[in-house]
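Structural overview for review
As a plain string of letters, each chain reads:
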Amino acid sequence: MDHLTSLPSELIFHIASFLPPIDLISFSSVNKYLREIGWPRYVWLNSLQQLSWDYPHFVVQCAAEDLAEISDLKKFYHHAFWRHRNILGKWRRLDHEVDGRGERGRIDVRLDTQLGGIVGFKSNYSRSDLDELNKMPMAFFAPIDVKTYDCDLNKADCTSCDDGDKIHNISIELKKNGGLFIQCTCPRHFEKEDRYDRSRFNRLSLRLLGHESRGGALFQRDFHCVYGQHHSCKASPPEN
């Protein structure tokens, strides 16, 4: 790619702004010239917006004003999105009985730049419209630190428990088997939510988690998709 050095930098920036972040990082590291060229902010801004358009179930659509206070967009991508990519997406409960409509408890975990955190939404996947999905009630919220751009998934705010002024915390752990274990400091959190599953945990979930972990719920991916591993994650283009 040595011929790139003969191109005007403005043209290189324009081309690179259409790349998703994972490709922009590779492209900007190809040679010394691209590493030291001094990438303007708008390149990363456009790239992050492209990410939210291509993967709406991982990232809530990014508006320029939502990212205005973030000084280092590349660092934000690394810490806020890339580090937590394995928990973003659609999940369904393993320990939840199928209800009368044939559905399980489901949750949609996404990075929301407007709210400034990683958010879990209680979802009904029979509604594929993202506008409808955005209206789903929030289950938890893990704020992003404005200095480090990271968030503590062990101390997320529970937004489901109605316990007066008392605040409960959610811990989110990715298990080695690929499951997502969510636990609340309120021991009755999932008992309140379970309308159909009175046993709370079936034999499968107890075998996967162990008897000491009965205070939460285990989720598995509703479809096998992790950003950077499967191209099928990408949203389909709208039909004309």
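Summary of the structure given here. The structure displayed is predicted, hence computed values, not measured ones.

**Details of the overall build of the protein**
- Looking only at helices and strands, one finds eight helices and eight strands in the protein.
- In the protein, the share of contacts with a sequence separation of at least 24, taken over all contacts with a separation of at least 6, comes to 55%.
- Of the roughly 13,600 Å² that the protein leaves accessible, carbon and sulfur atoms contribute 49%.

**Observations concerning helix α4 (residues 41–54)**
- Compared with an ideal rise of 1.5 Å per residue, which puts 14 residues at 20 Å, α4 spans 20 Å between its outermost C-alpha atoms and is within 8% of the ideal.
- Counting buried positions over the 14 residues of α4 gives 10, a clear majority of the element.
- Of the residues making up α4, those classed as buried are V43, W44, L45, S47, L48, Q49, Q50, L51, S52 and D54.
- On its buried face, α4 sits against α1 (9–16), α2 (21–27) and α5 (73–81).

**Digging into the nonpolar core**
- Within the largest apolar cluster, 51 residues are counted, with the highest numbers of intra-cluster contacts made by F76, F81, V109, I118 and F140.
- Setting aside residues up to four positions removed in sequence, V109 forms contacts with H57, F58, I87, L88, G89, W91, I118, V119, G120, F140 and L180.

**What about the pairing of strand β3 (residues 117–122)?**
- Summarising burial for β3: five of the six residues are buried, a large majority.
- In this structure, strand β2 (residues 106–112) lies alongside β3, joined through six bridges in antiparallel fashion. In the sheet register, R110 faces β3, and the bridge partner there is V119.
- Remark: four residues form the turn of the hairpin made by β2 and β3, two consecutive strands paired antiparallel; G116 in that turn has positive phi of roughly 80 degrees.
- The sheet contact formed by β3 and strand β4 (residues 138–143) spans five bridges and is antiparallel.

**What about the pattern of salt bridges?**
- Tallied over the entire structure, the rule returns three salt bridges.
- Linking D108 and R110 is a salt bridge whose minimum nitrogen-to-oxygen distance equals 3.1 Å.
- Using a relative accessible area of 2% as the deciding quantity, one classes R110 as buried.

**Some remarks on the pairing of β4**
- Relative to strand β5 (residues 156–158), β4 runs antiparallel, the two sharing two bridges. Residue pairing across strands places F141 opposite D157, the latter belonging to β5.

**As for the packing of aromatic side chains**
- Per the counting criterion, the structure on display carries seven aromatic pairs.
- Ring centres of F27 and W39 lie 6.2 Å apart, and the angle between their planes is 65 degrees; on these two criteria the pair is classed as edge-to-face. With F27 in helix α2 and W39 in the loop between α3 (32–35) and α4, this residue pair connects regions lying 12 residues apart in the sequence.
- Here F27 falls in the buried class, since its relative accessible area comes to 16%.

**Examining the sheet that holds β5**
- The strand order β1-β2-β3-β4-β5-β6-β7-β8 describes a closed barrel built from eight strands, whose pairing is antiparallel. Geometrically, the sheet is characterised by an average inter-axis angle of 30 degrees between neighbouring strands, direction not taken into account.

**Side note on α5**
- Residues of α5 that are buried: L73, F76, Y77, H79, A80 and F81.
- On its buried face, α5 is in contact with α2, α4, β2 and β3.
- Two to three positions downstream of the cap, the backbone nitrogen of K74 sits 3.3 Å from a side-chain oxygen, assigning the N-cap of α5 to D72.

**Let's talk about the side chain of T113**
- Note on placement: T113 falls in the loop between β2 and β3.
- Judged by relative accessible area, T113 falls into the buried class, the value being 8%.
- Apart from the residues lying within four places of it in its own chain, the contact partners of T113 are V60, Q61, C62, D66, L67 and F76.

Cut-offs applied
Residues numbered from 1 in each chain as written. Predicted model: local features only at pLDDT ≥ 70, side-chain atom pairs only at ≥ 80, totals over all residues. Heavy atoms only, no water. Helix = DSSP H or I, 4+ residues; strand = E, 2+ residues; numbered from the N terminus. Contact = heavy atoms within 4.5 Å. Areas by Shrake-Rupley, 256 points an atom, 1.4 Å probe, with all protein chains shown as cover. Expected span 1.5 Å × (residues − 1). Buried < 20%, exposed > 50% of the residue type's maximum accessible area, 1.4 Å probe, protein only. Core = buried A, V, L, I, M, F, W, Y, C linked by side-chain atoms within 4.5 Å. Pairing = 2+ DSSP bridges. Salt bridge = Lys/Arg side-chain N within 4 Å of Asp/Glu carboxyl O. Phe/Tyr/Trp six-rings, centres within 6.5 Å; stacked < 30°, edge-to-face > 60°. Axes fitted to C-alpha atoms, helices over the stretch in contact; angles between N-to-C directions. Polar contact = N/O pair within 3.5 Å; in protein donor to acceptor, adjacent residues only side chain to side chain.

In short, shape yes, function no, at least from these values alone.
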